[in-house]
Amino acid sequence: MGCVKDLAELNDLTSIPTKYTYFNTFDQEDGIDAVAAEEKIPIIDFPLLNSAIPDQRAKVIQDLGKACQDWGFFMLVNHGVPESLMERMLAICQEFFNQPEDVKLQSAEEHVLAPLRYGTSFNPSVDKVFFWRDFLRIWMHPQFYSPPTPAGFSEIAMEYSQRTRQVARELLRGISQSLGLEECYIDKAMEMDSCFQILVANLYPPCPQPELAMGFPPHSDTGLLTLLIQNQNGGLQVNHNGKWVNVHVSSPNTILVNVADHLERLSNGKYKSVLHRAIVNNKTTRISLAETHGPCPDKIVTPVAELVENETYPAVYPGMTYKEEMYSRLSNQIAGKSHLEPLHEST
Ligand SMILES: O=C(O)CCC(=O)C(=O)O
Ligand SMILES: [Fe+2]
């Protein structure tokens, strides 16, 4: 199956093939419309997590906990990852997608959990509708992989992965404290020295009928936290109190962060793994880089005992390691938060 980029570049493409028609097929009542962010998406000022002023630190930890609880999503500013590095990372990913299809296909492993995987849609062998998206998926930690081309990819991606991993681990320290746990609790319990970090570069080419197509359908992410950057404003929508909210950043130097399934589980459901989706437009190519920061691949994740009081959250889990759960998720269709359910209900 060809990539969406080549399809979108056909000169006379004025309508999308039926296989890509999402909005006439699903989600009719849900629609593409979203409310503007008059709903205030929380903003976290990263350096305050290490402020020397105890009150300031306490306040930001409280804000962080509230953002994870009420939204499962926040915008991170002053995170210390150089803007130039973020730009170089976005540019080299764009360069990857600009290569001829046969070159990209050298990174197209069949196995869904291959360390390096180029593809289109989500999982075309099971997708009922195809998504307006090409992707490159790379393991960055504990082992680092990189596509052989374009030149320079590996150096930039290595630096980007290290810098963002530091940010994610620091956030998890704040999140631990916000849950009333020791600062290093999550880091230790999830064995973050060997954390499973995966980068997904999503490419959404311009689409002649954006009102019918879907870039990335509603889903929550596996892992603890997802860090996302993008080459342009707009496209990501998060679900808040049952409504889709457009995510617009006021500065490009912002990292979008969402709570993922395993942090929801770890927190015994207190923090919400947010449903989100990516819509497409008819003018420009959007690239987003979503990085999953998960526990050690061999970890079996269950709620923190100290946080389980009254069985508010289902205590039954598949008993699978994080890596096995990842495999199960990627082998199936992507849909909502099925991943959080017990195994017998998850497919
Ligand atoms: O492109 C986006 O904004 C969302 C991507 C996403 O949700 C993902 O890769 O998991
Ligand atoms: Fe996602």
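Because the structure is predicted, anything quoted here is derived from the model rather than measured.

Undergrad: Can you lay out the sheet that holds strand β8 (residues 236-240) for me, pointing to particular residues and giving the numbers?
TA: Ordered by their spatial adjacency, four strands build an open sheet running β6-β11-β8-β9, and the pairing between neighbours is antiparallel. Of all strands in the sheet, those bounded by a partner on one side alone are β6 (216-219) and β9 (243-246). Averaged over neighbouring strand pairs, the angle between their axes works out to 20 degrees when direction is ignored. Strand direction decides the pairing type here: β8 and strand β11 (residues 276-278), joined by three bridges, are antiparallel. Paired with Val238 across the two strands is His276, which belongs to β11.

Undergrad: Break down the packing of helix α2 (residues 54-70) against helix α5 (residues 153-178) for me, with residues and values.
TA: For the pair α2 and α5, the least separation of the axes is 8 Å and the interaxial angle reads 90 degrees. As summarised for this structure, α2 and α5 are arranged roughly perpendicular, according to the angle between their axes. Between α2, through Ile61, Gln62, Leu64, Gly65 and Cys68, and α5, the contact on the second element is made entirely by Gly174, Ile175, Gln177 and Ser178. Residues of the contact of α2 with α5, tallied by class, amount to four nonpolar, five polar and no charged.

Undergrad: Describe the nonpolar core, naming the residues involved and giving the relevant values.
TA: Residues Cys93, Trp132, Leu225 and Leu289 are the most contacted members of the largest nonpolar core, which totals 85 residues. For this core, the leading source of residues is α5, giving seven residues. If we ignore the near neighbours within four places in the chain, the residues touching Trp132 are Val4, Tyr20, Tyr204, Cys207, Ala213, Met214, Gly215 and Val280.

Undergrad: Which residues make up the UniProt feature "domain: Fe2OG dioxygenase" (unreviewed entry) in the chain, and what values go with them?
TA: Under the UniProt annotation, "domain: Fe2OG dioxygenase" (unreviewed entry) lies at residues 191-295. End C-alpha to end C-alpha, residues 191-295 measures 6 Å, and it is 6% helix and 43% strand.

Undergrad: Requested: an account of the packing of helix α3 (residues 83-98) against α5, with residues and values cited.
TA: The contact between α3 and α5 brings their axes to 10 Å, and the two run at 135 degrees. For the element pair α3 / α5, the angle class is oblique. At the point where α3 passes α5, the crossing takes the left-handed sense. Along its contact with α3, which presents Leu85, Arg88, Met89, Ile92 and Phe96, the element α5 presents Phe153, Ile156, Ala157, Glu159, Tyr160 and Arg163. Its residues assigned to classes, the contact of α3 with α5 shows eight nonpolar, no polar and three charged.

About the cut-offs
- Residues numbered from 1 in each chain as written.
- Chains lettered and ligands numbered in written order.
- Predicted model: local features only at pLDDT ≥ 70, side-chain atom pairs only at ≥ 80, totals over all residues.
- Pairing = 2+ DSSP bridges.
- Helix = DSSP H or I, 4+ residues; strand = E, 2+ residues; numbered from the N terminus.
- Axes fitted to C-alpha atoms, helices over the stretch in contact; angles between N-to-C directions.
- Parallel < 35°, antiparallel > 145°, perpendicular 65-115°, else oblique.
- Contact = placed C-beta atoms within 7 Å.
- Nonpolar A, V, L, I, M, F, W, Y, C, P; charged D, E, K, R; others polar.
- Core = buried A, V, L, I, M, F, W, Y, C linked by C-beta atoms within 7 Å.
- Buried ≥ 20, exposed ≤ 12 C-beta atoms within 10 Å, placed from the backbone.
- UniProt positions renumbered as here; feature names shortened; annotations may be inferred.
- Left-handed = near helix turned anticlockwise from the far one by under 90°.

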